[in-house]
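Fold and geometry: a report
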Amino acid sequence: MRTSVNRYVVTRPLYTEDAFIKEHEKVHRQHKTMLDHIKQYLTCDGKRVRNALLSLLPIIAWMKIYRLKEWLLGDVVSGVSTGLVAVLQGLAYSLLASLPAWYGLYAAFFPVIIYFFLGTSRHISVGAFPVLSLMIGVVVNRMVPENGPPANITAFEGLTMNEQRAIVAASLTFLIGIFQLAMGLLQVGFIVIYLSDTLISGFTTAAAAHILVSQLKFIFGLHVQGFSGPLSVIYILEGVFGQITSTNLHDLVTSIVVMVVVLTVKELNERFKSKLPVPIPIEVIMTVIACGVSYAFSFKEYYVTSYNKNAPMAPDLQVFRETSVDAFPMAIVGFAVAFAVAKVYSIKHDYVIDGNQELIAFGASNIFGGAFRSLAASTALSRSSVQESTGGKTQVAGVLSAMIVLVVILALGFLLEPLPKSVLGAVVIVNLKGMLMQVCHVPSLWKKDRPDCVVWIVTCVASILLGLDLGLAVGLGAELIAVVFRTQCPRCCVLANIAGTDIYRDRKDYTSIYEPEGVKIFRIPSPIFFANIDFLRGKLIDAVGFNPLRVLRKRNKALRKIRKLLKKGELTLMSDESTELPANISVPPVDIHSLVLDFSAVSFIDITALNGLKMALKEFIRVDVEVYIVACDPYVFEKLKSCEFFDDEIKTSIFFLTLHDAMLHILQINPPLKKHEQSFSVLLLYM
């Protein structure tokens, strides 16, 4: 007869926390004080300098392992392919920022150079990001409206509208970089964890809707006033459909043709990506064709703006003051998206990225780019996908893509001047497909996690109707409420023993269970704090079937009545303990003798909850219910000790190492309750 290897037998003593600590001595560790941490942080030696240098300049680490023969060709092919895409996307995303098309090219060059030295991701393509460009465009339109006077900024005097807008965008980019650099130096890269994937998905979907609406005027060839703030989408749509009869057929036909062709070829690229050495650069091909057609037929009135030489500029402090509130959420969004994309590729290619260093890299990149009139840099998933899928191994591909952009800026820019804005608008809309299709995931998200789905919907709807800045704030609020709801109203349950094992599960989920008579096991599946202690007490009362405080009050009331009856001689005590209570006296029954609280999921407890828990336990103890707490985290147990939780009624001996230890102890000292046990005998104990 063979013995199954999937069984185990353990023989050990039954442990309370006290017994376990007494038998197994703990290591007493010396915890560092705040002063110790400060001294360690300020201590400088050769090793720390070397590590700091490697951390600040990640290029040193990956350049040392660069495989020239294996990686260089892939980086070259990837750099050229990504550069072509970056040129077109840079031109297109400038329109979202309400700037002349050339300013987007600067975002594909200046920030890339800095990120090459400071960034930890080897695969993301740094440059303009449509959502960030649109958020910048909202600020640009507010400070330099198309119809109306600009903001009262001294630097605006004597400048054209486009030059004023360039100052706003560049200063805003510089300020975004300052915020990101400061957060990186302060080591607060963890802040991105508060932007969940669900929130980012809902936010970017709403941003895609804003982008789509903003490009309609280029698709239809209309002159529609720009709007910003709440309901701006509604106002823009109203303006577009109010002028729909003035549609320019050249622009409309061009846009439709470009969108159909680009979408079709992109689908073919995706379907046959395993057979194609590199994706077909259809956007570039269509751009060249559109430029040729536009030049041949002299569509000058529909050209993008002419190219202007770029020169360094100092940011404007007045613009800083006007845009500081806008810059901070942009800094968070730009970093969060870039970090999310970088994390995907770091996992795929098995290397580590550093959130704080990424903040420093993007901060320095945007400061440098802002000084050269660049748009704020982040990354676009489609562009990063091209860089990675065409064989890019390191940021050498990024630098090569920047060189392609530089060639266009310095030598080939004039060839793109005949490019119609409708083509750029069509390219922008086609690249929104991935973000817009996120809406298809909502039904499955509803089935998997309804609170998360509500966060998605609230974030998306609020961002569409109220604007991206207020929408992001509303989304964060919804996410916080969802977290509070989950922790404030956790799913508590009553556990039962799975017959023949030492395993305990929710009694509603299994049929083969064993529940000792007179014992309730209540599981608390969350931390206990001020916001959920009352909820947990209510659930505990529901689980045991009675309110111990009400029972105690009823008992005391019954005792007073009995004393009066005895004093009047209307009631005589018999020696028989089964004496019935008088008909006019009733006491709620207590059907349990032991209550076990499973603390295995309780990671912390605050002072308010501690006091509430102590009061609840005493209420049960005072109605003769033995209370036990099991699987308590050692640090929670130590906190209970330090906060004077224990006294004459609540002792450390009620804490057991495991749930099964407590159950064995209960069964040893408490045989099952007798079915006909009378409540009057219990009352006598109080006399």
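Residues numbered from 1 in each chain as written. Predicted model: local features only at pLDDT ≥ 70, side-chain atom pairs only at ≥ 80, totals over all residues. Heavy atoms only, no water.

If you look the chain up in an unreviewed UniProt entry, it shows as STAS domain-containing protein from Electrophorus electricus. Listed in UniProt under the heading Subcellular location (unreviewed entry), the comment for the chain reads: "Membrane". (UniProt positions renumbered as here; feature names shortened; annotations may be inferred.)

Points about helix H24 (residues 548-568)
A rise of 1.5 Å per residue sets the reference length of H24, with its 21 residues, at 30 Å; its end C-alpha atoms lie 30 Å apart and thus fit the reference within 8%. Listed as buried for H24 are Pro548, Val551, Leu552, Arg555, Ala558, Leu559, Ile562 and Leu565. Looking down the long axis of H24, one finds its buried residues gathered within 145 degrees of arc, a one-sided arrangement. Facing away from the buried surface of H24 by more than 90 degrees, the exposed residues are Arg553, Lys564, Lys567 and Lys568. For H24, the N-terminal capping position is held by Asn547, with its side-chain oxygen 3.0 Å away from the main-chain nitrogen of Leu549. Looking one or two residues past H24, Gly569 carries a phi angle of roughly 80 degrees, positive in sign. (Helix = DSSP H or I, 4+ residues; strand = E, 2+ residues; numbered from the N terminus. Expected span 1.5 Å × (residues − 1). Buried < 20%, exposed > 50% of the residue type's maximum accessible area, 1.4 Å probe, protein only. Arc of directions from axis to C-beta. Polar contact = N/O pair within 3.5 Å; in protein donor to acceptor, adjacent residues only side chain to side chain.)

Concerning unusual backbone geometry
Outside of glycine, negative phi angles account for most residues, and trans bonds account for most peptide bonds. Backbone geometry at Gln187 places phi at a positive 60 degrees, although glycine is not the residue there. Summarising the element assignment, Gln187 is placed in the loop between helix H9 (161-185) and helix H10 (197-220). One non-glycine residue, Ala631, adopts positive backbone phi at about 55 degrees. You can see Ala631 is positioned in the loop between strand S8 (626-630) and helix H26 (634-642). Since its relative accessible area comes to 27%, Ala631 is described here as partly exposed.

Some thoughts on the pairing of strand S3 (residues 493-498)
Most of S3 sits out of view: six of its six residues are buried. Alignment of S3 against strand S6 (residues 519-523), held across three bridges, turns out to be antiparallel. Along S6, the bridge assignment pairs Cys493 with Arg523. The sheet contact formed by S3 and strand S4 (residues 504-506) spans three bridges and is antiparallel. Residue Leu495 lies in a different strand from S4, and its bridge partner there is Asp506. Hairpin connection between S3 and S4: a loop of five residues separates the two successive antiparallel strands, and Gly500 in this loop has a positive phi of roughly 80 degrees. Sheet topology note: the S3/strand S5 (residues 513-514) ladder contains two bridges and is antiparallel. Among the inter-strand pairings, Ile498 is bridged to a residue of S5, identified as Ile513. (Pairing = 2+ DSSP bridges.)

Regarding the pattern of salt bridges
Under the criterion given, the structure shown has 16 salt bridges. In this structure, the salt-bridge partner of Arg537 is Glu619, at a minimum N-O distance of 3.1 Å. In this pair, Arg537 is assigned in helix H23 (residues 533-544) and Glu619 in helix H25 (residues 607-621), connecting sequence segments 82 residues apart. Its salt-bridge partner being Arg555, residue Asp624 comes within 3.8 Å of it at the nearest N-O pair. Of this pair, Asp624 sits in the loop between H25 and S8 while Arg555 is found in helix H24, placing the two residues 69 residues apart along the sequence. According to the relative accessible area criterion, Arg555 is buried, its value standing at 7%. (Salt bridge = Lys/Arg side-chain N within 4 Å of Asp/Glu carboxyl O.)

Describing a nonpolar patch on the surface
Together, Leu231, Ile234, Tyr235, Trp446, Val454, Ile457, Val458, Val461, Leu465, Leu466, Leu470 and Val474 line one region of the surface with nonpolar side chains, adding up to about 900 Å² of accessible area. Contributions of two or more residues to the nonpolar patch are made by helix H11 (232-242), helix H21 (450-466) and helix H22 (468-488). Broken down by element, the nonpolar patch gets its largest block of residues, six residues, from H21. On the secondary structure map, Leu231 appears in the loop between H10 and H11. The exposure class of Leu231 is partly exposed, given its relative accessible area of 36%. (Patch = residues over 30% accessible without salt bridge, like charges linked within 9 Å, V, L, I, M, F, W, Y side chains within 5 Å. Areas by Shrake-Rupley, 256 points an atom, 1.4 Å probe, with all protein chains shown as cover.)

Let's talk about the packing of helix H5 (residues 68-96) against helix H18 (residues 421-430)
It is the contact of H5 with H18, at a shortest axis distance of 9 Å, that shows an interaxial angle of 95 degrees. Considering their axes alone, H5 and H18 lie roughly perpendicular with respect to each other. On H18, the residues that touch Leu88, Leu91, Ala92, Tyr93, Leu95 and Leu96 of H5 are Lys421, Leu424, Val427 and Val428. Tallied by class, residues from the contact of H5 with H18 come to nine nonpolar, no polar and one charged. (Axes fitted to C-alpha atoms, helices over the stretch in contact; angles between N-to-C directions. Parallel < 35°, antiparallel > 145°, perpendicular 65-115°, else oblique. Contact = heavy atoms within 4.5 Å. Nonpolar A, V, L, I, M, F, W, Y, C, P; charged D, E, K, R; others polar.)

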